[in-house]
Amino acid sequence: KETPKRLIINIIPFLDLIYFKKHISFEIIQHALGIKTDVMKDCIPEDKINDCINSSRIFVLLWITIIAVSIYFSTFLPIFLFLIPKFFGINGIWGVTQHMGLKESAKDHRLSTRSVRLNPIFSFIYWKMEYHIEHHMFPMIPSYNLPKLYEVIKDQMPEPQTLYQAYKEIIPAVIKKSKNPDYFIPVKVPNN
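What counts as what
- Residue positions within a chain follow its written sequence, with the count starting from 1.
- Two thresholds apply to this predicted model, a pLDDT of at least 70 for residue-level local features and 80 or more for giving and counting side-chain atom pairs, whereas whole-chain, interface and lining totals are computed over all residues.
- Side-chain numbers come from the whole structure's heavy atoms, not from hydrogens or water.
- Values of pLDDT, which run from 0 to 100, indicate the predictor's confidence residue by residue.
- Secondary structure elements are taken from DSSP: a helix is a run of H or I of four residues or more, a strand is a run of E of two residues or more, and numbering for both begins at the N terminus.
- Put simply, two rings from Phe, Tyr or Trp (the six-membered ring, in Trp's case) pair if the centres are within 6.5 Å, and we call them stacked under 30 degrees between planes, edge-to-face over 60, tilted for the rest.
- Any residue under 20% of the maximum accessible area for its type is buried, any over 50% is exposed, and the rest in between are partly exposed; the area is computed with a 1.4 Å probe on protein chains only.
- In our convention, an over-ring charge means Lys NZ or Arg CZ found within 6 Å of a ring centre and within 35 degrees of that ring's normal.
- We call a set of buried residues a nonpolar core when its members are Ala, Val, Leu, Ile, Met, Phe, Trp, Tyr or Cys and they connect through side-chain atoms within 4.5 Å of each other.
- Note on contacts: a residue pair is in contact if any heavy atoms of the two residues lie within 4.5 Å.
- The salt bridge definition used is simple: a Lys or Arg side-chain nitrogen within 4 Å of an Asp or Glu carboxyl oxygen.
- Angles shown run from 0 to 180 degrees and are taken between the N-to-C directions of axes, each axis being a line fitted to C-alpha atoms and, for helices, limited to the stretch in contact.
- Helix crossings are classified by the rotation of the near helix relative to the far one: an anticlockwise turn of less than a right angle makes the crossing left-handed, while a clockwise turn makes it right-handed.
- Put simply, Ala, Val, Leu, Ile, Met, Phe, Trp, Tyr, Cys and Pro go in the nonpolar bin, Asp, Glu, Lys and Arg in the charged bin, and everything else, Gly too, in the polar bin.
- The distinction between a cavity and a pocket rests on a 1 Å grid over the protein atoms alone: a 1.4 Å probe fits inside a cavity but cannot get out, while a pocket stays open yet meets protein on both sides within 12 Å along at least five of seven lines, and a residue with an atom within 4 Å of a point counts as lining.
- Grid points are joined across faces, edges and corners, and a volume is the space filled by probe spheres set on the points.

Visitor: How do you make sense of the confidence of the model for the protein when you look at a structure like this?
Guide: Predicted coordinates in areas of low pLDDT are best not read in detail. Mean pLDDT over the protein: 89, with 92% of residues reaching 70 or higher. Between the elements of the protein, mean pLDDT differs from a low of 75, seen in helix 1 (residues 4-11), to a high of 97, seen in helix 10 (residues 146-153).

Below, the structure is given as structure tokens:
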């Protein structure tokens, strides 16, 4: 649910740990244990649920391995490099822009997803996932090829935003949506 509180939780580093049961890591743990969550039931075809469970088990195994390596070598470095960034906020700042304030359950990803543009360093750190509409439309395209894909289809896409433009749109939308759950930001899609 999009609320001002949820927006703040996503942006401030480590604040999402207080609400861990709503964090994606908790959902990954549930999937690894074979628990079918609402997201799994809504988004994953029945024949792909085992793939989701197995992928989640691999994630959890990697987390446990990272913690074990840290303990074995008596250093927190692996934890700081591979686990902590997930909760450190900067990815949350970018990640919030992906869908927040937009129309939910729209079959046209251009209406429910937002692409932003980051500088080359942040883009590399974020694995080019700021090309988020493109990622949803063509999920099998490797992330490093999303900029090339955008160049091919840009005449059919809404204009990408900067982080500033996205937040300028998101913050008022979240406030409006907290009062009117049916509110969403209308997106101008090119007519081709």
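Visitor: Explanation requested: the packing of aromatic side chains in the structure shown.
Guide: Think of a pair of aromatic rings as described by two things: how far the centres are apart, and how the planes are tilted against each other in angle. Following the criterion strictly, the structure yields six aromatic pairs and no others. Note on W94 and F122: the rings are 5.1 Å apart at their centroids and 50° apart in plane angle, and the pair reads as tilted. Pair noted here: W94 is in helix 6 (residues 90-95) and F122 is in helix 8 (residues 120-125), with a separation of 28 residues, a long-range link. Given the relative accessible area of 30%, F122 is considered partly exposed. What links up through ring pairs into an aromatic cluster is the set W94, F122 and Y126. The lysine or arginine in question, R117, covers the ring of Y150, its NZ or CZ lying 4.7 Å from the ring centre.

Visitor: What is the right way to read the nonpolar core from this model?
Guide: One recurring pattern in soluble globular proteins: nonpolar side chains tend to sit buried together. Ranked by internal contacts, the top residues of the largest apolar core, which has 19 residues, are L7, V96, M100 and I170. Of all the elements in the fold, those that place two or more residues in this core are helix 10 and helix 11 (163-179). Residues A32, I66, I79 and L83 belong to the second largest nonpolar core, which totals seven residues.

Visitor: I tried to follow the environment of H99 on my own but got confused; where do I start?
Guide: Here H99 lies in the loop between helix 6 and helix 7 (109-112). Using a relative accessible area of 31% as the deciding quantity, one classes H99 as partly exposed. A C-alpha to C-alpha distance of 35 Å links H99 and A68, two positions 31 residues apart in sequence. What H99 contacts, discounting residues up to four positions off in sequence, is E2, S112, T113, R114, H132 and H136.

Visitor: What should I look at first to understand the pattern of salt bridges in this one?
Guide: Side chains that differ in charge, positive against negative, can pair when their charged atoms come close. Counted under the stated rule, the structure contains six salt bridges. A salt bridge links R110 to D108, with the nearest nitrogen and oxygen atoms 2.8 Å apart.

Visitor: Help me out: how do you make sense of the side chain of S56 in this one?
Guide: The topology assignment puts S56 in helix 4 (residues 49-72). Residues in contact with S56, not counting those within four places in the same chain, are I28, H31 and A32.

Visitor: I'm lost on the packing of helix 2 (residues 24-32) against helix 4 in this one. Help?
Guide: For any two helices packed against each other, one specifies the crossing angle of their axes together with the interaxial distance. Their axes nearest at 7 Å, the elements helix 2 and helix 4 cross at an angle of 115°. As for the relative orientation of helix 2 and helix 4, their crossing is left-handed in sense. Along the contact surface, helix 2 presents S25, I28, I29, H31 and A32, while helix 4 presents C52, I53, S56, R57, F59, V60 and W63. Here the contact of helix 2 with helix 4 is composed, by residue class, of eight nonpolar, three polar and one charged.

Visitor: Honestly, the layout of surface pockets in this entry has me stumped. Any pointers?
Guide: Once rolled over the atoms, a probe with the size of a water molecule shows which space is left empty. Estimated volume of the second largest pocket: approximately 210 Å³. Lining the second largest pocket are 14 residues, with P158, E159, Q161, E169 and V187 sitting closest to its centre. Residues of the lining of the second largest pocket, tallied by class, amount to seven nonpolar, three polar and four charged.

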